[in-house]
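Breakdown of the fold
Here's the letter readout for the chains.
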Amino acid sequence: MTVSIFDLFSIGIGPSSSHTVGPMRAARTFVEKLEKQFGLAKIQGLQITLYGSLSLTGKGHGTDKALVLGLLGVKPEEAEPDTVPALMQQIHTTQTLALFKQHTLPFSLDKDILYNDHETLPHHVNGMLFRAYDSSASCIAENIFYSIGGGFIVDNEQLQHKRPLTVTKKVPYPYETAKQLMDFCNADNKKISEIVNANELIWRDQGEIDSKILKIWKTMAQSIEKGCSTKGILPGGLEVRRRAPVLYEKLTEQDKTGNQDNTMGWLNCFAMAVNEENAAGGKVVTAPTNGASGIIPAVLYYHLTTIPKSEHEAHICQFLLTAAGIGVLYKKRASISGAEVGCQGEVGVACSMASGALAEVLGGNVYQVENAAEIGMEHHLGLTCDPINGLVQIPCIERNGMAAVRAVNAARLALMEDGQHIVSLDKVIKTMMKTGEDMLSIYKETSQGGLAVNHPEC
Ligand code: SF4
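Owing to the predicted nature of the structure, the values given are computational and were not obtained by experimental measurement.

**Looking at the overall build of the chain**
Counting secondary structure elements, the chain contains 19 helices and nine strands. The C-alpha radius of gyration computed for the chain amounts to 22 Å, which stays within 12% of the reference 23 Å derived for 458 residues, consistent with globular compactness. Dimensions of the chain, computed from C-alpha atoms along their principal axes, come out at roughly 70 × 50 × 45 Å. Looking at the chain as a whole, 59% of its 458 residues are labelled buried. Total accessible area computed for the chain in this model is approximately 18900 Å², and 52% of it derives from carbon and sulfur atoms.

Structure (structure tokens):
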């Protein structure tokens, strides 16, 4: 399986890659298949059933809105968050929906999107069953999709025929483990970012790679800047106040005096800004998921404030390529889905990616980078996913700030030493997966355990 940097970093809308971006892609793919097989005009009814974690926390995560956008033909990177409330209202009022904005059919948000809390489909906890009906109300097509984390989807057909999740291409450096990645680096005297870049060249030329990375970064930076300047209460009913703008104002004031180190404050501020945007359904980049989308941008944004502007583009590309190289290891060997392995697979992985990437742009050798990535995950092992009310707000927003600070700490610690250490990155990835498998499902994005059930008594 070959995973591109742009599979890991994809532009979409909040609040959840597995509950928003994945379902949007699945709905769009289902309609594409219907169009090819029957033509849209034959479709007179649709029903979507959500299972497992998608059912339990789908409402809080905006899965219904994502499905509707996908049915309308919208791709995650094209979604305009500001238009979604009016769209939903229109569908609710007219009880109709236009597939791919072309073919109108009856559609009820209440009756045609069903939440099955009692069952989980066999292959993954984030299952969706799509059915299409003709004019005589006969079911003419059905397909099961799974949203497997980070916006990645897989359907039943792919599973039955064991088709790969992404196109398999022959890359010059086919690594599956951190050890193999480091061996390639040593053999060809390359950095991790250079190995990842060389693999990426099988899909596109250097100009396109650079411009796509800079576009990803532009969206990340915009989510920080919008989050730092947008005040108010986040949607969903928890009455969570957006805190990033307040932090931004205070830190700006404190910086004027110049007599205190505000590194941690700014990291918190930038990470929380992105996650508040995400929680508000705004535009963010999966890094590697929406719930953990603040950590990598915050660390990189802060790093850029410490170097000359002339070096920004080079550092942005190097940082994001290295981060992707590390993220791919988790994607291939473990999981980046909170519903599968808890928050260690989202915030933990993002922290590991950011730690390693920062170590590399600060001049670390491959052993120090691997060490930083390992530290970034080691101290997130066992981290549960227990969002209150199924909203990606508490503990998610603050947790991104904590992990951004931890990533800088991990990189600094690794750079103080020579990279020799006892627990390897490969071992910690394996441990993370096993810990996730052993974790009770109530701690895996179901909102049935932890803070999600205990907060009313506090
Ligand atoms: S607790 Fe972690 S994994 Fe769960 S929704 Fe929040 S950020 Fe995602």
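**A short note on the sheet that holds strand E5 (residues 113-116)**
With mixed pairing, five strands are arranged side by side in an open sheet as E5-E2-E6-E7-E8. Where the open sheet ends on each side, the last strands, each with one partner, are E5 and strand E8 (153-155). On average, adjacent strands in this sheet sit at an angle of 25° to one another, irrespective of strand direction. When strand E6 (residues 127-133) meets strand E7 (residues 139-147), the two strands line up antiparallel, connected through seven bridges. Looking at the pairing, Met128 lines up with Phe145 of E7. Of the strands in this sheet, strand E2 (45-51), E6, E7 and E8 are in contact with helix H2 (residues 17-37), which crosses E7 at around 150°. Helix H4 (residues 63-71) rests against E2, E5 and E6 of the sheet, and its axis sits at about 145° to E2.

**Remarks on the packing of aromatic side chains**
Counted under the stated rule, the structure contains seven aromatic pairs. Between Tyr248 and Trp266, the ring centres sit 5.6 Å apart and the planes meet at 75°, which makes this aromatic pair edge-to-face. Highlighted residues: Tyr248 in helix H10 (residues 244-257) and Trp266 in helix H11 (residues 263-279), separated in sequence by 18 residues. Trp266 gets classed as buried once you look at its relative accessible area, which sits at 11%. Chaining the aromatic ring pairs together yields one cluster made of Trp217, Tyr248, Trp266, Phe270 and Tyr301. Over the face of the ring belonging to Phe6 we find Lys212, whose NZ or CZ atom lies 5.0 Å from the ring centre. In this structure, Lys331 packs its charged tip against the face of Phe152, placed 4.2 Å from the ring centre.

**A short note on helix H5 (residues 84-94)**
Inspection of H5 places Val84, Met88 and Ile91 among the buried residues, and these make up the whole buried set. The buried residues of H5 all sit within an arc of 60° when viewed along its axis, so they share a single face. Of the residues in H5, the exposed ones pointing more than 90 degrees away from the buried face are Pro85, Ala86 and Thr93. Taken together, the buried residues of H5 touch H4 and strand E3 (96-99). Gln95 lies just past H5 and shows a positive phi near 55°.

**Things to note about the pairing of E2**
Where burial is concerned, most of E2 is hidden: six out of the seven residues are buried. In terms of strand pairing, E2 meets E5 through four bridges, oriented parallel. Bridge pairing in E5 places Tyr51 opposite Asn116.

**Focus on the side chain of Ser108**
When you line up the elements, Ser108 lands in the loop between strand E4 (103-106) and E5. Among the polar contacts made by the side chain of Ser108, one reaches the main-chain amide nitrogen of Lys111 at a distance of 2.9 Å. Once residues within four sequence positions are removed from consideration, Ser108 is found in contact with Gln95 and Ile113.

**Looking at the pattern of salt bridges**
Should the charged atoms of two oppositely charged side chains come close, the side chains can pair. Tallied over the entire structure, the rule returns 15 salt bridges. Across the pair Arg204 and Glu208 runs a salt bridge whose closest N-O atoms are separated by 3.7 Å. Since its relative accessible area comes to 16%, Arg204 is described here as buried. Note that Glu277 is salt-bridged to Arg242, the shortest N-O span being 2.4 Å. Separated by 35 residues along the polypeptide, Glu277 in helix H11 and Arg242 in the loop between helix H9 (206-229) and H10 bring together distant segments of the chain. Assessed through its relative accessible area of 6%, Arg242 is described here as buried.

Rules behind the numbers
Residues numbered from 1 in each chain as written. Predicted model: local features only at pLDDT ≥ 70, side-chain atom pairs only at ≥ 80, totals over all residues. Heavy atoms only, no water. Helix = DSSP H or I, 4+ residues; strand = E, 2+ residues; numbered from the N terminus. Rg over C-alpha atoms; globule rule 2.2 N^0.38 Å. Buried < 20%, exposed > 50% of the residue type's maximum accessible area, 1.4 Å probe, protein only. Areas by Shrake-Rupley, 256 points an atom, 1.4 Å probe, with all protein chains shown as cover. Pairing = 2+ DSSP bridges. Axes fitted to C-alpha atoms, helices over the stretch in contact; angles between N-to-C directions. Contact = heavy atoms within 4.5 Å. Phe/Tyr/Trp six-rings, centres within 6.5 Å; stacked < 30°, edge-to-face > 60°. Lys NZ or Arg CZ within 6 Å of the ring centre and 35° of its normal. Arc of directions from axis to C-beta. Polar contact = N/O pair within 3.5 Å; in protein donor to acceptor, adjacent residues only side chain to side chain. Salt bridge = Lys/Arg side-chain N within 4 Å of Asp/Glu carboxyl O.

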